[in-house]
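# Report on the structure
Read off the chains here:
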Amino acid sequence: MRKIMVLLMVFLLALPVSAVPVPILMYHHFTWEETGMPDHCSAGAFREHLAALSEAGYTSVTFKDLLAYADGIGELPEKPVLLTADDGYRSVVQIALPLLREYGMTMSAAVVGGRMGAEDGIPHFSMEEAAGTGLELVSHTWNLHGPEGDGVLNADGSLNPHFIADAARMRQMPELCQTVLVYPCGRWSNGSEAVAAAMGYRITVTTEHGIADIRRDEPESLRCLPRICMGDTSGIPFVDTNGQN
């Protein structure tokens, strides 16, 4: 009997892990018309992206959905896609959100806590503007992104000494999904990963190009997730012009 149990265990361990490819699309600022800026996406282009995804049978998911699957307590649709918008610009609420609702899709917005509601430069949405919209809000740090911040790493690649205090401040915002950190400018290191894990961030997200491979019962597959940068001139690289993938 013991030999049978050992053989059964060996067999089960040899079974392939149930992995799901999840394209994570990265947007920033939305505009009514094309601007020619690489990180801007016009309403027309965004509509085309959503239509292509919908026609190809993709279902939008959230970071919470990915975590539940990796923890073995949730399922993912046959063809999942995760839409993200970095920085928390007001255009996400004003332009992208109505189109998302039209196509029955969701979006995760990575917000810079210290910039929420800011009116200088490109306006950022406030927490009040985001309330009740259905947007999944995640951390893009409190103040380590932009002119006043260096990201979680210094220019020489060493860990920013303000990272821990910054993360602690973001974790005081109960409206955020507190398990997700989207790295500013996508910069990370093994040291930042260790700190992020210690701070309770179970999902970390980069700007490295690629499609995420989420594996059931393997939470480590949620670390340093790659994304696909989107803009006016971007097609959906994993969907052809006939809506197939």
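Our structure's up above, just so we're on the same page.
Below, the structure is looked at part by part. (Residues numbered from 1 in each chain as written. Predicted model: local features only at pLDDT ≥ 70, side-chain atom pairs only at ≥ 80, totals over all residues. Heavy atoms only, no water.)

### With respect to the overall build of the protein chain
Helix and strand content of the protein chain: seven helices and twelve strands. Split into buried and exposed, the 245 residues of the protein chain put 51% on the buried side. Here the analysis covers contacts within the protein chain between residues at least 6 apart in sequence; of these, 66% occur between residues at least 24 apart. On the protein chain, roughly 11900 Å² of surface is accessible, and the fraction owed to carbon and sulfur atoms is 56%. (Helix = DSSP H or I, 4+ residues; strand = E, 2+ residues; numbered from the N terminus. Buried < 20%, exposed > 50% of the residue type's maximum accessible area, 1.4 Å probe, protein only. Contact = heavy atoms within 4.5 Å. Areas by Shrake-Rupley, 256 points an atom, 1.4 Å probe, with all protein chains shown as cover.)

### Thoughts on unusual backbone geometry
Across the chain, the bulk of peptide bonds are trans and the bulk of non-glycine residues have phi less than zero. Of note in the backbone geometry, T141 takes a positive phi value of approximately 80 degrees without being a glycine. Unlike most non-glycine residues, C224 shows phi in positive territory, near 55 degrees. Tracing the chain through its elements places C224 in the loop between β11 (212–215) and β12 (225–229).

### With respect to the environment of H145
Among the structural elements, H145 can be located in the loop between β8 (136–139) and α6 (163–170). Along the sequence, H145 and D87 sit 58 residues apart, while their C-alpha atoms lie 8.4 Å from each other. In this structure, H145 is in contact with D87, V112, H140, P184 and C185, ignoring residues within four places of it in sequence. At 3.1 Å, the side chain of H145 forms a polar contact with the side chain of D87. (Polar contact = N/O pair within 3.5 Å; in protein donor to acceptor, adjacent residues only side chain to side chain.)

### Some details on the pairing of strand β2 (residues 24–27)
Residues I24 and M26 of β2 are buried on one face, and the alternating residues L25 and Y27, pointing to the opposite face, are buried as well. Here β2 pairs with β12 via two bridges, running parallel. Residue pairing in the sheet places M26 in a bridge with C229 of β12. (Pairing = 2+ DSSP bridges.)

### Notes on the packing of aromatic side chains
A complete count under the given rule lists four aromatic pairs for this structure. Relative to F46, the ring of Y27 lies with its centre 5.1 Å away and its plane at 80 degrees, an arrangement referred to as edge-to-face. Within this pair, whereas Y27 is found in strand β2, its partner F46 is found in helix α2 (residues 43–55), the two being separated by 19 residues in sequence. The exposure class assigned to F46 is buried, which follows from its relative accessible area of 0%. Taken together through their ring pairs, the aromatic side chains of Y27, F30 and F46 make up a single cluster. Above the plane of the ring of Y201 lies R171, whose end atom (NZ or CZ) is 5.1 Å from the centre. (Phe/Tyr/Trp six-rings, centres within 6.5 Å; stacked < 30°, edge-to-face > 60°. Lys NZ or Arg CZ within 6 Å of the ring centre and 35° of its normal.)

### Overview of the nonpolar core
In this structure, L25, Y27, F30, F46 and M107 are the most contacted members of the largest nonpolar core, which totals 50 residues. For this core, the elements supplying multiple residues, two or more each, are β2, α2, β6 (80–87), α4 (91–102), β7 (108–111), α5 (127–130), α6 and α7 (190–198). It is α4 that provides the largest number of residues to this core, a total of seven residues. With sequence-adjacent residues up to four places away left out, F30 is seen in contact with C41, F46, A85, S91, V92, I95, A96 and M107. (Core = buried A, V, L, I, M, F, W, Y, C linked by side-chain atoms within 4.5 Å.)

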